[in-house]
Number of protein chains: 2
Amino acid sequence: MIASVAKALEILNLFSTAEPCLTLTTISKRLGMHKSTAHHLLNTLLQYGFIEQQADDSYALGKTIIALTQNVLVNVELRDRAAPLLRELADTCNESVYLTVRDGDRVLYIYAIESSQRLLARTAVGDYAPLYCTAVGKAVLAFLPPEEVSRLYADRPDSLAAFTPHTLTGFRQLQDDLARSRSRGYTVDNQEHELNTFCVGAPIFDAHNAVIGACSISGLDAEIIGARLEALSSGVVYTAQQISRRMGYVPERMSMVRQNMAGK
Amino acid sequence: MIASVAKALEILNLFSTAEPCLTLTTISKRLGMHKSTAHHLLNTLLQYGFIEQQADDSYALGKTIIALTQNVLVNVELRDRAAPLLRELADTCNESVYLTVRDGDRVLYIYAIESSQRLLARTAVGDYAPLYCTAVGKAVLAFLPPEEVSRLYADRPDSLAAFTPHTLTGFRQLQDDLARSRSRGYTVDNQEHELNTFCVGAPIFDAHNAVIGACSISGLDAEIIGARLEALSSGVVYTAQQISRRMGYVPERMSMVRQNMAGK
DNA sequence: ATACACTGTTTCATATTATGAAACTTACCG
DNA sequence: CGGTAAGTTTCATAATATGAAACAGTGTAT
């Protein structure tokens, strides 16, 4: 661990949507470092465009970070392959479509095709969401080794905090939902994360047949998980499978065939 | 300048879409540093999620960078305010819509609503493009102080390199185009950056009445700058003005009124 | 089968360099 | 005009990043 690099990265992590601009003294105070040290670090970050300085001398995250995302592995390997397929899906359903990857006990939104109504808030790309109360998150959980799900949520009641009255807050309740999802092949989110938001999600697998993320259809129409569910779910599942194939995933039947052949 | 921080940032800049994964030795050789030093730096970046390690031990840019973009100043102040307006624009024209900010002699794409055909390639968000041969770039140039345009392109023939046979490669030629754009209020890109891509762009101003970026409509249909031009151009111009207002821009007539009042 | 070449990782003394106190500069407010 | 608080610069020293070398794995070739 190189201390000065760690400090520089901590500075980058200090900025938030609520506080996109920070002054030198605020930064140094928050991180408990001297003004001079913070200043040196900021100057270095400034030079490389990771930080920008405003007219009022305050500091903010620089545009370089936006440019860097084009080279992030998941964007190259997953997003760029999935984007055209997700676009097709969005065209057929007229709702927002999301692509997410698992990151520990959360899911990170890496691509979105958002309807006008959704965009009244900011785009979801770059946001994290919990696994247990979103369609995309539950799609990951449903196809994760059961012991990992237990490790995350069993005997940890605070790990299943309620976002809305619809959030599944019991481990058993969650397990049942995941079992149902597994047999159906898709997940349903009935306002479990956000009120009046209904989603259908499906898991995405990689070349090792492990879940790496999920995609979903999301919107304000309750019929998404009602009258439209059959059509929409087969759409997400198909899209997720296509994406999985592009990631090198070999569908189960084939791997069973291969197993049989290997057994002979 | 803190050397170790600079080296860490140089490591981050080493990754590209063509090479999203790099080995330790490649990194250390390219940057002329010892394996051990690179290893220490990478470990620190790893700890903070800026770098991820693959199964084959190679390194790649981490997901944290995607999450960071939500806090970048232009995304908070410009993108999030502009997104719903751009969505409306996209709905009316059925072509790709882009939002860009100026970054020196280039333009950075920070938001996009892309049509299926465009998405056969990757999303443009995070890409840079030159100012002189794109609708968005020329919209910035047209409303920049003329001396700045001269500084960038006058007596520098190599600064106007041709991307296609349609690229404006003469300074005089560019100036004429910018003058025409200024009086119309919008710019036209007739395959100047990419063959078979036609765009209409309009400038975005901030609270100091300075150009900070531009938005555009872009597509493969030649009629975008033909039969559909009148409708599309008034659409982008209107959208760009709305975005400018949200940035604190005061339309010119009002500022003239204020000047007159100040003069009394 | 064995040795070689190539990875990435760890260790450690020392030479480099980041640090923090203080002084300097600006700007703002009373 | 004087005082406070901001950012910036300087500099000696204490801290720490560095690079050599040795270690540990992997795969390849002899």
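Residues numbered from 1 in each chain as written. Chains lettered and ligands numbered in written order. Predicted model: local features only at pLDDT ≥ 70, side-chain atom pairs only at ≥ 80, totals over all residues. Heavy atoms only, no water.

Draft legend 1. Expanded view of the overall build of chain A. Looking only at helices and strands, one finds 10 helices and 9 strands in chain A. Expressed along its principal axes, the backbone C-alpha trace of chain A runs to roughly 65 × 50 × 40 Å. Buried residues in chain A amount to 55% of all 264 residues. Taking as baseline every contact in chain A between residues at least 6 positions apart, the subset at least 24 positions apart corresponds to 53%. Here chain A has roughly 11800 Å² of accessible surface; of this, 51% comes from carbon and sulfur atoms. Side-chain charges in chain A split into 25 positive and 28 negative, and the spacing between the mean points of these groups amounts to 4 Å. (Helix = DSSP H or I, 4+ residues; strand = E, 2+ residues; numbered from the N terminus. Buried < 20%, exposed > 50% of the residue type's maximum accessible area, 1.4 Å probe, protein only. Contact = heavy atoms within 4.5 Å. Areas by Shrake-Rupley, 256 points an atom, 1.4 Å probe, with all protein chains shown as cover. Lys, Arg positive; Asp, Glu negative; His and termini not counted. Charge placed at Lys NZ, Arg CZ, Asp CG, Glu CD.)

Draft legend 2. Spotlight on the interface of chain A and chain B. Each side of the interface is counted separately: chain A has 65 residues, and chain B has 65 residues. Taking both sides of the interface into account, the surface hidden between chain A and chain B amounts to around 5700 Å²; carbon and sulfur atoms contribute 69%. By the criterion of area lost to chain B, the three top residues of chain A are Tyr48(A), Lys63(A) and Ile66(A), representing 12% of everything that side buries. Counting across the chain A and chain B interface gives 0 salt bridges. At the boundary of chain A and chain B, one finds 19 residue pairs in polar contact (both at pLDDT 80 or more). (Buried area = accessible area lost by both parts, 1.4 Å probe. Salt bridge = Lys/Arg side-chain N within 4 Å of Asp/Glu carboxyl O. Polar contact = N/O pair within 3.5 Å; in protein donor to acceptor, adjacent residues only side chain to side chain.)

Draft legend 3. Main features of the protein's contact with DNA strand D. Around DNA strand D there are 19 residues in total, and Leu24(A), Thr25(A), Lys35(A), Tyr59(A) and His34(B) lie nearest to it. Taking all atoms of DNA strand D within 4 Å of the protein, the share assigned to sugar and phosphate is 69%. The side chain of Tyr59(A) places a nitrogen or oxygen atom 2.7 Å from a phosphate oxygen of DNA strand D. Separating a phosphate oxygen of DNA strand D from a side-chain N or O atom of His34(B) is a distance of 2.3 Å. For the surface near DNA strand D, the element with the highest residue contribution is helix α3 (residues 35-47) of chain A, accounting for 4 residues. Its residues placed into classes, the surface near DNA strand D shows 5 nonpolar, 11 polar and 3 charged. (Near = heavy atom within 4 Å. Nonpolar A, V, L, I, M, F, W, Y, C, P; charged D, E, K, R; others polar.)

Draft legend 4. Focus on the domain arrangement of chain A. Its domain assignment divides chain A into domain 1 (3-67) and domain 2 (72-254). Each of domain 1 of chain A and domain 2 of chain A has a C-alpha centre, and these two points are 34 Å apart. (Domains from an automatic or database assignment.)

Draft legend 5. Summary view of the sheet that holds strand β2 (residues 51-53) of chain A. Residues and elements named next belong to chain A. Ordered in space as β1-β3-β2, the 3 strands form an open sheet in which the pairing is antiparallel. At either end of the open sheet lies a strand with only one pairing partner, and these are β1 (21-22) and β2. Two elements, β2 and strand β3 (residues 59-61), share 3 bridges in a ladder whose sense is antiparallel. For Ile51, the partnering residue across the bridge sits in β3 and is Leu61. (Pairing = 2+ DSSP bridges.)

Draft legend 6. Quick peek at the pattern of salt bridges. All names here are of chain A. As enumerated under the stated definition, the model contains 24 salt bridges over all chains in all. Of the charged contacts in the structure, one is a salt bridge between Arg228 and Glu95, with a shortest N-O distance of 2.9 Å. Residue Arg228 is located in the loop between β9 (211-219) and α9 (229-246), and its partner Glu95 is located in the loop between α5 (73-93) and β4 (96-103); the two are separated by 133 residues in the primary sequence. Residue classification places Arg228 among the partly exposed positions, given a relative accessible area of 24%. Where salt bridges share partners, they join Lys138, Asp177, Arg180 and Glu192 into one cluster.

Draft legend 7. How the structure looks around the sheet that holds β9(A). Residues and elements named next belong to chain A. Spatially, 6 strands are ordered β6-β5-β4-β9-β8-β7 in an open sheet, and the strand pairing comes out antiparallel. Two strands in the sheet have a free side with no partner beyond their single neighbour: β6 (128-130) and β7 (187-190). In this sheet, neighbouring strand axes are inclined to one another by 35° on average, regardless of whether the strands run parallel or antiparallel. Of the strands in this sheet, β4, β5 (106-113), β6, β7, β8 (198-205) and β9 are in contact with helix α6 (residues 135-142), which crosses β9 at around 150°. (Axes fitted to C-alpha atoms, helices over the stretch in contact; angles between N-to-C directions.)

Draft legend 8. Up close: unusual backbone geometry. At Asp57(A), a position not held by glycine, the phi torsion is positive, near 75°. As for its position among the elements, Asp57(A) is in the loop between β2 and β3.

Draft legend 9. View of the packing of aromatic side chains. Residues and elements named next belong to chain B. Counted according to the given criterion, the structure contains 8 aromatic pairs over all chains. Taken together, a centroid distance of 5.5 Å and an interplanar angle of 90° make the contact between Phe143 and Phe205 edge-to-face. Of the two residues, Phe143 is situated in the loop between α6 (135-142) and α7 (146-153) and Phe205 in strand β8 (residues 198-205); the sequence distance between them amounts to 62 residues. Between Phe205 and Tyr249, the ring centres sit 5.1 Å apart and the planes meet at 25°, which makes this aromatic pair stacked. Of this pair, Phe205 sits in strand β8 while Tyr249 sits in the loop between α9 (229-246) and α10 (252-263); the two residues are 44 residues apart in sequence, bridging distant segments of the chain. For Tyr249, a relative accessible area of 14% puts it in the buried group. (Phe/Tyr/Trp six-rings, centres within 6.5 Å; stacked < 30°, edge-to-face > 60°.)

Draft legend 10. Representation of the relation of the copies chain A and chain B in the model. Once chain A has been moved 0.0 Å along the axis and rotated by 180°, it coincides with chain B to within an RMSD of 0.0 Å. Between the two chains, the operation in question is that of a two-fold axis. Relative to the rotation axis, the closest C-alpha in chain A is found at Val5(A), a distance of 2.4 Å. Both copies present the same face, since 100% of the interface residues in chain A are matched by interface residues at the equivalent positions in chain B. (Least-squares fit on C-alpha atoms with pLDDT ≥ 70 in both.)

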